[in-house]
Amino acid sequence: MKKYFSLLIAVLMISAIICGCSQNTDQPSNGSNDEPVVFRMLYDVENTTLNYLASGKELEHAVACNMVDGLVEFDNHSNIVPAMAESWTTSDDGLVWTFKIRQGQKWYDNTGKEIADVTANDWVSGLKLVCDPKTDSGTYDQVKVIKGAEAYFNALAAGNEANFDDVGVKAIDAYTLEYTLERPTPYFLGGLAYACWLPVYGPLVDSLVTETGNDFGTSIDKIYSCGAFILTEWEPQVKQTFVKNTNNWDADRVYLDRIEKTYNAEAATLAPTMVLRDEIDFAKISNDILDDWKTNNINYLSKSREDAMWHYFYAFNFRPTYPDEYKPEDWMRCVMNANFRHAIMSALDREFVVQSAVDQESYKSLIQHSITPAGSCYTDKGVDFADMPAFDGIDANFYNLDKANEYKAKAMEELSAKGVTFPVTMLISYQSGDKNYENECVIVKQQLEKALGTDFVKLELWAGPSENFLSETRSAGKYSFMRVRWGADYIDPQTWTDPFGGSTNAETGLEAGNTYNRWNLILDDELFRNNFTAISTNSIGNFADEFIASDDFKEVRTILEEYYALVDAGIQEGVDLTKRFESFAKAEALLINNALIVPCYIGPANYQATKLNIYEGAYAACGYTKLMYKGMHLQDHFISMEEYETNLKDWIDGKY
């Protein structure tokens, strides 16, 4: 009996230890007998990875920022506030930043089991993973501000040995982290609220190393959480479940006990119906059903914020990979011709497109004349970047039918002499399942063909896949003219140069051109020729030497050389914000004045049905901040427009 009793006591002690190192995911976080607060929604595009240090996509960052906390974050008024770092200091020259890490924070696996303390070493491990070419990180460019990071990456990419101890990140002790920068970087602190700066538990990453890379984040049991929520379930194309981390340093401001995301390929169509049945708590309301909802479901309707973080602009493709039937060689001859590009730019009635397809009510406030959105970046003297002198007269490039037809006439004369057959086919691609995106492309097609005539251009709509759309369409070059978007990673005009900064092939380590329009291939004859002859989906490689020999090609190269020189000058100027902004403004104006990029509109305040008060949530015009659920209460009803306006006023008045 005594032996049995001793065994029972031992079992109970072990059970107590296990319970003490795990979190109960079934009970309300406040310890009451109330039902858990559960936020339910559908999603229709699945994550390809949980490796937040590899991905540059908002889709993956939306998971990461809720399950892993960084050093700093933004509050709901865009102020930088401490997160995993309790405090920080910087050297007088702005090069060395030292962060004190909160003690008592833990890593948890997907069962809620406590794994280890969060320490300064976890940020060292995170940066090392980002700087490994095998990671193929979509956010690596952001960490090149760290001393030695680029040299380390380049050495590994070239197959050489490199010592990560030479990179400017150090764990001075378990709870003191130090970064050393290559140069003073004005946006560095706010930029830390981004995925590439998140910590990772090093022993887990090390245990998952393979010959070709790392299996970290490839499944739910190969990732840990230390943020506001613990990711407890990820079944691809089934569900994602987040459970509140009751040990989190900011748990008192986490008002949701669970977030349940259910996959459905038809979510865009089904979600509004499920909202009306009170089966889920959120749905986007697309423009095609908006009038009906305004008539019949008005009490369910509210809006999101206008979002200067995202700029939707139109890009010309300089490496078309679509089939020969669309004559990609003619497109290349055209896109390198200045008069052709200006004809398209001057014919595009952006106000009509945005009013018709994006926002009937507030379209004028969305239109942009610079790539960096107005109101997103200011000098230390309070000057809006979009008002810099370089943009004086920039509006003359936009909608003007008389100019458009003048450009058209010149382009047809010049290009006909080069063998172009008119009308030229322009493929305009969109994501299948995104009704608003498709509708916008239809309107652009109709508007441009009407403005310029189908004797000049014929637009073909190309429906890209709903899954992996960017990699299989834009990055793959399956378009001629396309609405693309970029979201700010940090608050500085430099972030708006990143989509044009080039990319590296993870397998070869060679420059592959930027994934937006590949125009930087034009900077090098051999690089251009090799990339074109490598295209297997059409025969455009046969024309590579013709393109290189043309005067138009040389003109575009000269413009791009000047652009990248101005960008580099802006990057190098890390102290005088006015000089820094002047360089970036001249670079942007150069692209727009030469019709290489067509600015269009910032993210609109879309209609939605939601039970969350969005103005309680964190917000900044950069990074992953607006994707965080911390701080928001789940209401027992859907927010109406009247309540939305009240919440907006209360937010402006600083009531929360």
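Everything that follows concerns the structure shown earlier in this document.
A few points on the structure. (Residues numbered from 1 in each chain as written. Predicted model: local features only at pLDDT ≥ 70, side-chain atom pairs only at ≥ 80, totals over all residues. Heavy atoms only, no water.)

A look at the pairing of strand β9 (residues 176-180)
- Most of β9 sits out of view: four of its five residues are buried.
- Relative to β9, strand β5 (residues 96-101) runs antiparallel, the two sharing five bridges. Bridging across to β9, Trp97 finds its partner in Tyr179.
- Between strand β8 (residues 169-173) and β9, which pair antiparallel and follow one another directly, the connecting turn spans two residues. (Buried < 20%, exposed > 50% of the residue type's maximum accessible area, 1.4 Å probe, protein only. Helix = DSSP H or I, 4+ residues; strand = E, 2+ residues; numbered from the N terminus. Pairing = 2+ DSSP bridges.)

Notes on the sheet that holds strand β1 (residues 38-43)
- Taken in spatial order, the four strands of this open sheet run β1-β12-β11-β10, and their pairing is mixed. Each edge of the sheet is formed by a strand with only one pairing partner; in this case those strands are β1 and β10 (229-235). Direction aside, neighbouring strands of the sheet carry axes that sit 15° apart on average.
- Summarising the sheet, β10 and strand β11 (residues 239-244) pair through six bridges and their orientation is antiparallel. The residue of β11 that forms the bridge with Phe229 is Lys244.
- In the packing of helix α2 (residues 58-67) onto the sheet, contacts are made with β10 and β11, and the angle to β10 comes to roughly 140°. (Axes fitted to C-alpha atoms, helices over the stretch in contact; angles between N-to-C directions. Contact = heavy atoms within 4.5 Å.)

Describing unusual backbone geometry
- Along the chain, Phe422 connects to Pro423 via a cis peptide bond; the corresponding omega equals 0°.
- For Asp136, which is not glycine, the phi dihedral falls at a positive 50°.
- Counting through the fold element by element, Asp136 comes out in the loop between α3 (121-130) and α4 (149-157).
- A relative accessible area of 46% means that Asp136 is categorised as partly exposed.
- Backbone geometry places Gln237, a non-glycine residue, at a positive phi of 60°.
- With respect to the helices, strands and loops of the structure, Gln237 is situated in the loop between β10 and β11.

A few points about helix α20 (residues 641-652)
- With twelve residues, α20 should cover 16 Å at 1.5 Å per step; its first-to-last C-alpha distance of 16 Å lies within 8% of that length.
- Buried residues in α20 make contact with β14 (302-303).
- Backbone geometry just after α20 places Gly654 at a positive phi near 80°. (Expected span 1.5 Å × (residues − 1).)

Section: the pairing of strand β19 (residues 597-603)
- Extensive coverage of β19 is indicated by the burial of seven of its seven residues.
- Taken together, the five bridges between strand β15 (residues 307-316) and β19 define a ladder with antiparallel strand orientation. Looking at β19, one finds that Ala315 is bridged to Ile597.

Description of the nonpolar core
- Phe340, Ile344 and Phe528 are the most contacted members of the largest nonpolar core, which totals 107 residues.
- The leading source of residues in this core is helix α19 (residues 577-593), at nine residues.
- Residue contacts for Ile344: discarding those within four places in its chain leaves Phe316, Met426, Leu448, Leu452, Phe456, Val457 and Phe481. (Core = buried A, V, L, I, M, F, W, Y, C linked by side-chain atoms within 4.5 Å.)

Notes on the side chain of Arg580
- Secondary-structure assignment places Arg580 in helix α19.
- Dropping the residues within four chain positions of it, Arg580 is found in contact with Pro186, Tyr187, Asp492, Gln494, Gly570, Ile571, Glu573 and Gly574.

Brief notes about the packing of aromatic side chains
- According to the stated counting rule, one finds 42 aromatic pairs in the structure shown.
- Here the aromatic rings of Tyr187 and Tyr490 are separated by 3.7 Å at their centres, their planes lie at 10°, and the arrangement is stacked. In this pair, Tyr187 sits in the loop between β9 and α5 (188-191) while Tyr490 sits in the loop between β18 (481-487) and α16 (525-533), placing the two residues 303 residues apart along the sequence. The exposure classification of Tyr187 matches that of Tyr490, with both residues buried.
- Note on Tyr201 and Tyr224: the rings are 5.9 Å apart at their centroids and 40° apart in plane angle, and the pair reads as tilted. Taken together, the residues span a long stretch of sequence, with Tyr201 in the loop between α5 and α6 (202-207) and Tyr224 in the loop between α6 and β10 at a distance of 23 residues. As far as the burial class goes, Tyr201 and Tyr224 line up, both buried.
- Here the aromatic cluster, defined as three or more aromatic residues joined through ring pairs, consists of Phe313, Trp486, Phe500, Tyr516, Trp519, Tyr563 and Tyr564.
- The positively charged end of Arg474 is found above the aromatic ring belonging to Tyr516, 3.8 Å away from the centroid.
- Here Arg483 stacks its cationic end above the ring of Tyr437, 3.8 Å away from the centre of that ring. (Phe/Tyr/Trp six-rings, centres within 6.5 Å; stacked < 30°, edge-to-face > 60°. Lys NZ or Arg CZ within 6 Å of the ring centre and 35° of its normal.)

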